[in-house]
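So you can see what is in the structure, the chains are spelled out below.
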Amino acid sequence: MRLVLLCLLAVHQSYAFFVPTAHQQRLALIWAYKQQENLSLNGNGIRSDLSLLNELQDDFNTLTVLRPSDPLADISFPASVVSDGSSYTRIWTAQTWQIHSHPPHRRYARHLRKWTQSKTARKILPTVCLATCWSIVVTLLANYFQNRPIPRKIISAAGTSSTVSLLSAPLALLLTLRANASVARLLASRQAWGAIVLHARGLSSILANYIYPINPKAAILSVRYLSIIGWILKAQFRGEDEASQREVLKLMLTGKEYQWIINEQNTTKYGVAMLSRIRQVCSLAMSSSTAQVTPLYFVEDSLKGIESSAGICERLFGSPIPPTYTRHLSRVMSLWLLLLPISLVSSIGPTVTTVITTALAAYVFVGLDEVGMEIENVFQLLPLQQLAAAVQKDVYDQFYGSISGSQPDIKSDT
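Rules and cut-offs
Residues numbered from 1 in each chain as written. Predicted model: local features only at pLDDT ≥ 70, side-chain atom pairs only at ≥ 80, totals over all residues. Heavy atoms only, no water. Helix = DSSP H or I, 4+ residues; strand = E, 2+ residues; numbered from the N terminus. Buried < 20%, exposed > 50% of the residue type's maximum accessible area, 1.4 Å probe, protein only. Contact = heavy atoms within 4.5 Å. Areas by Shrake-Rupley, 256 points an atom, 1.4 Å probe, with all protein chains shown as cover. Core = buried A, V, L, I, M, F, W, Y, C linked by side-chain atoms within 4.5 Å. Phe/Tyr/Trp six-rings, centres within 6.5 Å; stacked < 30°, edge-to-face > 60°. Lys, Arg positive; Asp, Glu negative; His and termini not counted. Salt bridge = Lys/Arg side-chain N within 4 Å of Asp/Glu carboxyl O. Polar contact = N/O pair within 3.5 Å; in protein donor to acceptor, adjacent residues only side chain to side chain. 1 Å grid on protein atoms, 1.4 Å probe; cavity = no way out; pocket = protein on both sides within 12 Å on 5 of 7 lines; lining within 4 Å. Points joined across faces, edges and corners; volume = space filled by probe spheres on them. Nonpolar A, V, L, I, M, F, W, Y, C, P; charged D, E, K, R; others polar. Axes fitted to C-alpha atoms, helices over the stretch in contact; angles between N-to-C directions. Parallel < 35°, antiparallel > 145°, perpendicular 65-115°, else oblique. Left-handed = near helix turned anticlockwise from the far one by under 90°.

Participant: Help me get a handle on the overall build of the protein, residues and values and all.
Facilitator: Assigned secondary structure in the protein consists of 17 helices and zero strands. Classification of the 414 residues of the protein by burial places 40% in the buried group. Counting only contacts in the protein whose residues sit at least 6 apart along the sequence, the fraction spanning at least 24 positions is 82%. Accessible area for the protein stands at about 23,000 Å²; split by element, carbon and sulfur atoms hold 63% of it.

So, in structure tokens, the structure goes:
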């Protein structure tokens, strides 16, 4: 038994001797980088690396001015659906949560005070007015035919409470299912964009620690593409014009790269072409080196995560809740609003209460339908300006934080 244990221990030590640790792999990458005749693709050496880094930093600063993280600077800001105050179109802070979590009496008072500023209320106001006018017409006709037996019987037969009750249950079910489906789409899109930020941040660190020591120009070119992927996806899902996208591309890409990506637009999307270019550049950088190809697995994993998240966004953007469902809900809602004042006249009489009740019911149910419609188009509610800026900033911070050499040496005394 001791002999077996000694053999296993000897095998383990020999395996540990031949298999390099993570630190040894890192040193091997740096050694391979220093042994290459050309320290960059253009053969200008370390001085060229510094010039490329300075140029990249200047372009990042210009891009920050051109595309700030302020939501008010969003060129495709959905002003028609965003109300003043707290909104899902902005990334929340501790102060926002504090205001949002006020006690009920303060929260209700604030919401009632800003009722007139609600964009949803303004959008449904014409429909509510039409329903109210219809209830007024029904009330006046009921008063006119109140002493006439035949019209009164017709109104009573058409306006029984059972008729409205039969429509109320399926209407409430349709509205609930619609709201749940819309909220699920919103959460899925927000998770996808969060994953894009996460994978872009991780890929930037991988480029700095593994690709840059081997080929600085390849790493910097990949970072240029990666930093603007958020802005390109935002333009795609918000329907921004071609000029806004080319403005960002022209700033961050050189002449040949810019011309290539513009030509690729004729056959494929910008986002797909950019991720494909990053994969190609990293593969060429590793193939021209004597170092191990392990970093390519890390790069591929991050690119796969970005592509998967972008694919989820494309699916949500191109596939809404089935329009048949929306049409059926609209028809049931219309029938319910037509029969509601007749039912109220039959039960409580042709009074002002009928008009007020119809107006309030129309505001509640039509408002729920409109909220579901607004949430269904998820990309007009997401804080895409801040998310795209987060991709850019995180890529910059991770890349420069890794290559600046400002981190303390792990061998130094703490």
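Next comes the rest of the account.
Participant: Quick one: what's the story with the nonpolar core, residue by residue and with numbers?
Facilitator: If you look at the biggest cluster of nonpolar residues, it comprises 68 residues, and the most contacted ones within it are W193, L226, L249, M274, F379 and F399. Ranked by the residues each element gives to this core, the list is headed by helix α8 (residues 161-211), at eleven residues. Excluding anything up to four places from it in sequence, F399 contacts L53, L56, S204, L207, A208, Y212, A219, I220 and V223. Counting 18 residues, the second-largest nonpolar core is a separate cluster that includes L329, M333, W336 and V366.

Participant: Tell me about the packing of aromatic side chains, residues and numbers included.
Facilitator: Scanning the entire structure with this criterion turns up eleven aromatic pairs. A centroid spacing of 4.6 Å and a plane angle of 50° characterise the contact between W336 and F365, whose relative ring orientation is tilted. Remark: F365 occurs in helix α16 (residues 352-376) and W336 occurs in helix α15 (residues 323-348); sequence separation between them is 29 residues. Residue class for W336 comes out buried when judged on its relative accessible area of 5%. Among the aromatic residues, those joined into a ring-pair cluster are F60, Y212, Y396, F399 and Y400.

Participant: Tell me about the side chain of R185, and please be specific about residues and values.
Facilitator: With respect to the helices and strands, the residue R185 is situated in helix α8. Despite its burial, R185 remains without a salt bridge, the nearest opposite charge being carried by E376 at 5.2 Å. If we ignore the near neighbours within four places in the chain, the residues touching R185 are L316, S319, P320, I321, E376 and V378.

Participant: Go over helix α10 (residues 229-238) with me, naming the residues and quoting the values.
Facilitator: Counting buried residues along α10, nine of its ten residues qualify, which places the element largely inside the surrounding structure. Those residues of α10 not exposed but buried are I229, G230, W231, I232, L233, K234, A235, F237 and R238. Downstream of α10 by a residue or two, G239 has a phi angle that is positive, lying close to 70°.

Participant: Before we move on, can you summarise the pattern of salt bridges with the specific residues and values?
Facilitator: Counted under the stated rule, the structure contains 15 salt bridges. In this structure, the salt-bridge partner of E300 is R279, at a minimum N-O distance of 2.8 Å. Within this pair, whereas E300 is found in helix α14 (residues 294-318), its partner R279 is found in helix α13 (residues 270-287), the two being separated by 21 residues in sequence. Using a relative accessible area of 35% as the deciding quantity, one classes E300 as partly exposed. The exposure class assigned to R279 is partly exposed, which follows from its relative accessible area of 25%. The partner of E307 in a salt bridge is R279, with the nearest N and O atoms 3.3 Å apart. Placement of the pair is E307 in helix α14 and R279 in helix α13, with a sequence separation of 28 residues. Accessibility expressed as a relative area gives 34% for E307, which makes it partly exposed.

Participant: Give a description of the side chain of Q392 that names residues and reports values.
Facilitator: The topology assignment puts Q392 in helix α17 (residues 384-403). At a separation of 3.0 Å, a polar atom in the side chain of Q392 contacts the side chain of W231. Residues in contact with Q392, not counting those within four places in the same chain, are F60, L63, T64, R67, S227 and W231.

Participant: Tell me about the environment of R110, and please be specific about residues and values.
Facilitator: Looking at the element boundaries, R110 is found in helix α5 (residues 104-113). Filtering out sequence-adjacent residues up to four positions away, R110 remains in contact with I99, H100 and H102.

Participant: Now, about empty space enclosed by the protein: what can you tell me, with residues and values included?
Facilitator: By the definition in use, this model includes one cavity of 30 Å³ or more. When its volume is computed, the largest cavity comes out at roughly 60 Å³. Lining the largest cavity, in full, are R67, W231, I232, K234, A235, E240, S244, Q245 and V248. Going through the elements one at a time, α10 and α11 (242-252) are the ones with two or more residues in the lining of the largest cavity. When residues in the lining of the largest cavity are grouped by element, the largest group, four residues, is from α10. Taken together, the residues of the lining of the largest cavity break down into four nonpolar, two polar and three charged.

Participant: Help me get a handle on the packing of helix α9 (residues 216-227) against α17, residues and values and all.
Facilitator: At their nearest, the axes of α9 and α17 sit 9 Å apart, and the two run at 160° to each other. The angle between α9 and α17 places the two elements in the roughly antiparallel class. Touching A219, I220, V223, L226 and S227 of α9 are V391, Q392, V395 and F399, all from α17. Tallied by class, the residues present in the contact of α9 with α17 amount to seven nonpolar, two polar and no charged.

Participant: Give a description of the environment of I229 that names residues and reports values.
Facilitator: For I229, the location among the structural elements is in helix α10. On the basis of relative accessibility, which here comes to 2%, the residue I229 falls in the buried class. The residues contacting I229, other than those within four sequence positions of it, are G271, M274, L275 and V391.

Participant: Help me get a handle on the packing of helix α6 (residues 119-144) against α15, residues and values and all.
Facilitator: For any two helices packed against each other, the geometry is given by the interaxial angle and the distance between the axes. It is at 9 Å that the axes of α6 and α15 come closest, and there the two elements cross at 35°. With respect to the hand of their crossing, α6 and α15 are arranged in right-handed fashion. Across the interface between the two elements, W134, S135, V138, T139 and A142 from α6 touch L337, L338, P341, I342 and V345 from α15. Per-class residue counts for the contact of α6 with α15 are eight nonpolar, two polar and no charged.

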